[in-house]
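# Descriptive analysis of the structure
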Amino acid sequence: MAHVSVEPGEPDGSVRGAVFIELDALIVQDSADPRAADDAGLAIDRVADFAEPVVLAGERVAGRLLPLDPEERIAWVREALDRPDVLVVSLAARPGERRTEAAGRSLVDAWRGIRTEWSVAWLVTGDPRSVGPARRAGLRVVRIGPRPAGVEAEIERPDYEARDLRDAVNHLMVADVFPSVPAR
């Protein structure tokens, strides 16, 4: 894949440079056999039409522990997605669950750090726990799937709630062309 110059995220909501995609959004959530979702390849291709897809891989996916060595983890992700050239960032631990106010601030700092390092404006995730810290760090967030039952008060709303991965990517494509499209 060609190197793409990454521009800082635009405050108008446009999609520029790169888009973070958490691995969970691309993988079938089956701990016995985590594998690429049927539309993962198409989603990566569509994002690549207007931005650099950057897959974020933490320590686990679908309840399965991934290789601890960052290079082995990146190789696993590329093989699972059948994308030997996709850009994968191996995170020591994906920013996740907020347990205390101090932990919440550190999660925001973690998201802010990787957002700044990569100059990314958007995150695609299936994990509702990523939404709040990522948004407070300045990322615009597309969350895939229904809002979890019983935790409405604890979960911050994303910029866009997508039905599935295809809907998430379509929203990003529209945001790239029409940056002022409101979230829903």
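This structure is a prediction, so every number in the text was calculated from the model and none was measured.

Attention now goes to empty space enclosed by the protein. Counted under the stated rule, the structure contains one cavity of 30 Å³ or more. Each pocket or cavity is described by its volume, and for the largest cavity that value is around 40 Å³. Taken together, Asp39, Leu42, Ala43, Arg46, Leu165, Arg166, Val169 and Asn170 make up the full set of residues lining the largest cavity. Mapped onto the lining of the largest cavity, the elements with two or more residues apiece are helix 1 (40-48) and helix 5 (165-177). Tallying contributions element by element places helix 5 first for the lining of the largest cavity, with four residues.

Moving on, we get to the confidence of the model for the protein chain. A residue-level look at the protein chain finds 77% of positions with pLDDT of 70 or above and a mean pLDDT of 81. In the predicted structure, residues 1-12 sits below a pLDDT of 50 and forms 23 contacts with residues beyond four places in sequence or in another chain.

When the terminal C-alpha atoms of helix 2 (residues 70-81) are compared, their 16 Å separation across 12 residues agrees well with the 16 Å that a helix rising 1.5 Å per residue should span. The N-terminus of helix 2 is capped by aspartate 69, whose side-chain oxygen sits 3.2 Å from the backbone nitrogen of glutamate 71. Of the residues one or two after helix 2, aspartate 82 is the one with positive phi, at around 55°.

Attention now moves to the packing of helix 1 against helix 5. One can describe the packing of helix 1 onto helix 5 by two numbers: an axis separation of 10 Å at closest approach and a directional angle of 5°. Compared by their axis directions, helix 1 and helix 5 come out roughly parallel. In this structure, helix 1 contributes Ala40, Leu42, Ala43, Arg46 and Val47 to the contact, and helix 5 contributes Leu165, Arg166, Val169, Asn170 and Met173. Among the residues making up the contact of helix 1 with helix 5, the classes are represented as seven nonpolar, one polar and two charged.

Further remarks concern the environment of aspartate 69. The topology assignment puts aspartate 69 in the loop between strand 6 (64-65) and helix 2. Note: C-alpha distance between aspartate 69 and serine 90 (21 residues apart in sequence) is 8.9 Å. A polar atom in the side chain of aspartate 69 sits 3.2 Å from the backbone nitrogen of glutamate 71. A polar side-chain atom of aspartate 69 sits 3.0 Å from the main-chain amide nitrogen of glutamate 72.

Reading the values: the criteria
Residues numbered from 1 in each chain as written. Predicted model: local features only at pLDDT ≥ 70, side-chain atom pairs only at ≥ 80, totals over all residues. Heavy atoms only, no water. 1 Å grid on protein atoms, 1.4 Å probe; cavity = no way out; pocket = protein on both sides within 12 Å on 5 of 7 lines; lining within 4 Å. Points joined across faces, edges and corners; volume = space filled by probe spheres on them. Helix = DSSP H or I, 4+ residues; strand = E, 2+ residues; numbered from the N terminus. pLDDT = per-residue confidence, 0-100. Contact = heavy atoms within 4.5 Å. Expected span 1.5 Å × (residues − 1). Polar contact = N/O pair within 3.5 Å; in protein donor to acceptor, adjacent residues only side chain to side chain. Axes fitted to C-alpha atoms, helices over the stretch in contact; angles between N-to-C directions. Parallel < 35°, antiparallel > 145°, perpendicular 65-115°, else oblique. Nonpolar A, V, L, I, M, F, W, Y, C, P; charged D, E, K, R; others polar.

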